[in-house]
Amino acid sequence: MNAFDPGKFEEEAQERWTHAFESNPSKLEKCYLTVAYPYPSGAMHVGHGRTYIVPDVIARFWRMRGKQVLYPMAFHVTGAPVIGISKRIAKNDPQTIHLYRDLYKVPQNVLEEFTDPLTIVRHFASEYQRVMTACGISIDWRRKFTTVDPTYSKFIEWQWKHLFEAGHVIKGAHPVRYCTVDDNPVGDHDLLEGDNAEVIKFTLVMFQHGDAFIPTATLRPETIYGVTNIWVNPNVTYVRALVDGSAWIISQEAAEKLALQDHTVEVQEEIAGRDLIDKSVSHPLCGKVPILPADFVDPDMASGLVMSVPAHAPFDYIALRDLQRAGKYTQIKPVPLIKVEGYGEIPAQDAVDKAGITHQMDSRMDALTQEIYSAEFSKGKLFDRYGGKPVRVARDDIAALMIGKFASEIMYEFDTRPVVCRCGNRVKVKILHDQWFLKYSDPAWKKQVSNHLGDMALVPPEVRLEFDRTVDWLKDWACTRRVGLGTRFPWDTTQLIEPLSDSTIYMAYYTIAHKIRDIDPRLLTPEVFDYIFLGKESIELPEKKKLEAMRKEFLYWYPYNFRFSAKDLISNHLTFQLFHHVTIFPKDKLPKGMVVFGMGLLNGAKMSSSKGNVFLLEDAVSDFGADTVRMFLMGSAEPWQDFDWRNELVISTKKQIERLFNTVLESKDADGEPHDIDRWLISRLQSHIERTTEALTNFQTRQALQEAYFGIDSDLKWYRRRLAENSDGSRELHTLCSVWIRLLAPFIPFTGEHLWKELAGEGLVSFAPWPVANKKLINTRIELAEELISRTVEDIESIRKLIQMTPKSITISLAPVWKHEIFLLIAKSNDRNTVIKEIMKDDAMRKRGREATDAAKQCTTLIHRLPPHVVEPLVREQINEKAVFEAAKIFLEKEFGVPVHITDAESSEHAKAATALPFKPAIIIE
Ligand SMILES: [Zn+2]
């Protein structure tokens, strides 16, 4: 008994696939697909599953289309996260232990060894390989490596030599995101929260208060002339601290932050915020102003105190107005200082009033603040008594004046908060000295990348804008770390190259990874790589034969055709790799395309390992079978859309595969003679082949499954319905099954291999030729006839439901010739509005009068409703409706269980017959 047993299919196929996907240069055209290699610090979840299955489906598709396909995989183990994990496990941190023991199911004896970070990555790397294999991902595992292999480090050193020589590696002092617990700069991958936060530069305006300064942080120093007060939060405890020897009053948080930004900070005492209220401060540029209370002042924002400019800042305006409505501080008036087109004398008041905002908590306040900020920056001018300069000039001038004369300092802070490290600590901005950077801010380098981006295929096309923006906005990147795993930085070996900087050109390394292993790493000088990748000859190259073989591999495979990755990597990895490629490789070896993925959701919520909201891929495979997991992930959304994993929906996918399995087994040996309905089935099949092929060429996995599975499945249902009684179908079904299995093989390769064997197909279905549509088998006449019948059947069914009586007979009444003429004229016409007038110019039609204009209107509506794939052929090829229905009479009578009459509407006495239209006969149920 051949039962549906996915587990068995998986076992059978795995055995036959050993070494099958190892790919070598050949005479065939190559197709090289790569996906961002994983950082193996935990178990794979279904979101990871999609990341590797999409390229696999595409790889399998192109393999069947006769290309030499390379799909390699490696493991990125560079960086600090795994070190933090091992430390937390060593400390028996309950949350970490829970994650690894209960969620990732690491056996106790293995977990005990996780105090060594390398053990963690090795364990999960082998888990990844095992689970990817279980999912049927067709990887050439010979090329696997990790980023701490000595050979890989040699490659990275070579890469950096070129970056350095091109002037892209620089040393300097820069503000960076920093974790004081890890004592390390923090990359995007090291963050739990706040990966969109940018470091921005504030000016501290130094107000004098007794013998101390109260610094307020601002992005708009020019507004000092309009300051009416400063704000302090009465519920916060501030500190008095000696900063570089002078006394400042700031928040506790600010004291810690300033200490990371080149200041010596010594906290002396605490000061309650409420004790500062109603005291006063002064500044040479605005004179003496009072200190007022405001709950909105955030101690974690820069210095923890802010100046108030109610004429130009909506928040300040409303806060002051609220106090004044309670009868306090009524003597304070907003002081305008900037003239800006489109606003009244006091822009903040103007904007708040226009928007109808009544309180501080209104959600539109941020947008309104931004709006005034932009308007004043782009079009505003200071009043003449303040110098009369445009805001964009005055801002920098006044900041410079304050720093030069009035003790102001720069302070760096994030634009959004919180920013949280993976270790749980709040990330701060630190100024690093002697820090190495990649100079992504270099306009010439940016230009090179922009130029190349223009030549690349980007999928979906919308992401182009985001890439352009990233290139434009990228700033210098701190490229080394003190702590972690990875390659030593060649110009300071106490430092390591950080993870986003050693993972940019490894796609080239894959081409040689399985061969370079045979060479002693000590022999791998930069000259060796210059030869392999750039073809530069030099004397005394070692192991020349081996190097030649590697050069051949590189030349065959490179550049890669498509790189797949998630959309959150556009702002770093996907763009970084372009910067590095344009520096190192010649034009003909630059990347050709990228496919960017959407996010994974689990029951509607974002998947996140750190938050425990994940479903493990391995559990999914053992619960549902690998093919079900694959087909669900590919069919529920296109790769660039977000997908949502829901177990209840996955179950129905499993049933669909089972139905396919049963259908194929039932149909493959049918041996009846082919009839018109068989020709219809095979004709339809050609368009399914064509559309599946087109969809997969465009990476549309969902669309491809719609055609390849649901399209054919629904044809088969109709086909079975239309078969004569006691017929199992014709031998054409064998052809259909063979095509069907091959179209689905990239999605469900395990079931595919099993069924392919059942069909006595040659070799593995994974390498079987992809079906090609045969235009000669397309029979428009038969397709139109079936379309007419199925539409009429649907009409009869809906009428029957409506009238709710037991019918005794059904009459199908066909439209007369003159209506066909009208139909045709309208369908052919470009202008469907004037065509009715044209028709009515004809004598015969005019004689019909109202009847003809009505028919013309009805035909217009009908043509509008019919899909183009029906209307277009109808114009070319008239069908004989009478013959079609006569031939289907037996079928219709069987379907409805009553006699069916086919009549001409013109000879019918039934009033309803007059409504008959071409392709839509009148139906009379009696
Ligand atoms: Zn940390």
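Fair warning: this is a prediction, and the values are worked out from it, not measured in the lab. (Residues numbered from 1 in each chain as written. Predicted model: local features only at pLDDT ≥ 70, side-chain atom pairs only at ≥ 80, totals over all residues. Heavy atoms only, no water.)

A.B. asks: How should the overall build of the protein be read in this particular structure?
C.D. replies: Tallying secondary structure elements over the protein gives 34 helices and 32 strands in all. The principal-axis extents of the C-alpha atoms in the protein amount to approximately 110 × 80 × 55 Å. Across the 926 residues in the protein, those meeting the buried criterion constitute 55%. Intrachain contacts of the protein at a sequence separation of at least 6 include 77% that bridge at least 24 residues. Accessible surface, the protein as shown: approximately 40,300 Å² in total, 51% of it carbon and sulfur. Put simply, the protein has 115 plus and 126 minus side-chain charges, and the middle of one group is 3 Å from the middle of the other. (Helix = DSSP H or I, 4+ residues; strand = E, 2+ residues; numbered from the N terminus. Buried < 20%, exposed > 50% of the residue type's maximum accessible area, 1.4 Å probe, protein only. Contact = heavy atoms within 4.5 Å. Areas by Shrake-Rupley, 256 points an atom, 1.4 Å probe, with all protein chains shown as cover. Lys, Arg positive; Asp, Glu negative; His and termini not counted. Charge placed at Lys NZ, Arg CZ, Asp CG, Glu CD.)

A.B. asks: I keep staring at the packing of helix α22 (residues 647-667) against helix α26 (residues 749-758) and nothing clicks. Help me out?
C.D. replies: Each pair of packed helices can be summarised by the angle the axes make with each other and by the distance between the axes. Between α22 and α26, the least distance of the axes is 11 Å, while the angle of their chain directions is 5°. Taken together, the axes of α22 and α26 are roughly parallel relative to one another. Mapping the contact onto sequence places Ile657, Leu660, Phe661, Val664 and Leu665 in α22 and Thr751, His754, Leu755 and Glu758 in α26. Its residues placed into classes, the contact of α22 with α26 shows six nonpolar, two polar and one charged. (Axes fitted to C-alpha atoms, helices over the stretch in contact; angles between N-to-C directions. Parallel < 35°, antiparallel > 145°, perpendicular 65-115°, else oblique. Nonpolar A, V, L, I, M, F, W, Y, C, P; charged D, E, K, R; others polar.)

A.B. asks: Whenever I open this one, the coordination of the zinc ion confuses me. Can you help?
C.D. replies: Note on metal geometry: ideal angles are 109.5 degrees for four donors arranged tetrahedrally and 90 or 180 degrees for six donors arranged octahedrally. Every protein donor of the zinc ion is accounted for by Cys179 (SG), Asp182 (OD), Cys421 (SG) and Cys423 (SG), and the metal-donor separations fall at 2.2 to 2.3 Å. Around the zinc ion, the four donor atoms sit at angles spanning 93 to 127°, and that spread fits a shape best called tetrahedral. Summarised as a motif, the one-chain spacing of the donors to the zinc ion is C-x2-D-x238-C-x1-C. With Cys179 in strand β3 (residues 169-179) and Cys423 in the loop between β18 (420-421) and β19 (428-438), this pair connects stretches of sequence that are 244 residues apart. (Donors = N, O, S within 2.8 Å, 3.2 Å for Na, K, Ca; no water. Tetrahedral: all angles 85-135°; square planar, octahedral: opposite > 155°, others 65-115°.)

A.B. asks: Where do I start with the pattern of salt bridges in this structure?
C.D. replies: Pairs may arise between side chains of opposite charge once their charged atoms sit close together. What the rule picks out here adds up to 53 salt bridges. Between Lys67 and Glu29 there is a salt bridge, and its shortest N-O distance comes to 3.2 Å. In this pair, Lys67 is assigned in the loop between α2 (46-64) and β2 (68-70) and Glu29 in the loop between α1 (6-17) and β1 (30-35), connecting sequence segments 38 residues apart. When the shortest N-O distance is used, the salt bridge between Glu127 and Arg130 registers 2.8 Å. Of this pair, Glu127 and Arg130 both sit in helix α6 (residues 117-134), three residues apart, roughly one helical turn. (Salt bridge = Lys/Arg side-chain N within 4 Å of Asp/Glu carboxyl O.)

A.B. asks: Sorry, what's going on with the packing of aromatic side chains here?
C.D. replies: What characterises a pair of aromatic rings is the spacing of the ring centres plus the angle enclosed by the ring planes. Across all of its chains, the model carries 61 aromatic pairs by this definition. Seen in terms of ring centroids, Tyr558 and Phe585 are 5.7 Å apart; in terms of plane orientation they differ by 45°. Their pairing is tilted. Taken together, the residues Tyr558 in the loop between α18 (544-557) and β25 (562-566) and Phe585 in the loop between α19 (573-584) and β26 (593-597) connect sequence positions 27 residues apart. Pair check on accessibility: Tyr558 and Phe585 agree, each one buried. With centroids separated by 5.2 Å and ring planes inclined at 80°, the aromatic side chains of Phe632 and Trp645 adopt a geometry described as edge-to-face. Here the residue Phe632 occupies a position in helix α21 (residues 626-635), and Trp645 occupies one in strand β29 (residues 643-645), the gap between them amounting to 13 residues. Lys67 extends its terminal NZ or CZ atom over the ring of Trp62, reaching a point 4.4 Å from the ring centre. (Phe/Tyr/Trp six-rings, centres within 6.5 Å; stacked < 30°, edge-to-face > 60°. Lys NZ or Arg CZ within 6 Å of the ring centre and 35° of its normal.)

A.B. asks: Help me understand the sheet that holds strand β24 (residues 492-497), please; the structure alone is not making it clear to me.
C.D. replies: The strands making up a sheet associate through backbone hydrogen bonding, with each pair oriented either parallel or antiparallel. Judged by pairing direction, the sheet is antiparallel, and its three strands sit side by side in the order β22-β24-β23 without closing on themselves. Strands at the two margins of the open sheet, each flanked by one partner only, are β22 (480-481) and β23 (488-489). Here β23 runs beside β24; their pairing, made up of two bridges, is antiparallel. Bridging across to β24, Phe489 finds its partner in Asp492. (Pairing = 2+ DSSP bridges.)

A.B. asks: Would you mind going over the side chain of Lys589 with me for this structure?
C.D. replies: Along the chain, Lys589 falls in the loop between α19 and β26. An unpaired buried charge is present at Lys589: no salt bridge exists, and Asp588, the closest side chain of opposite charge, is 4.5 Å distant. Those residues in contact with Lys589 that lie beyond four places of it in its chain are Phe554, Leu555, Tyr558, Pro559 and His581.

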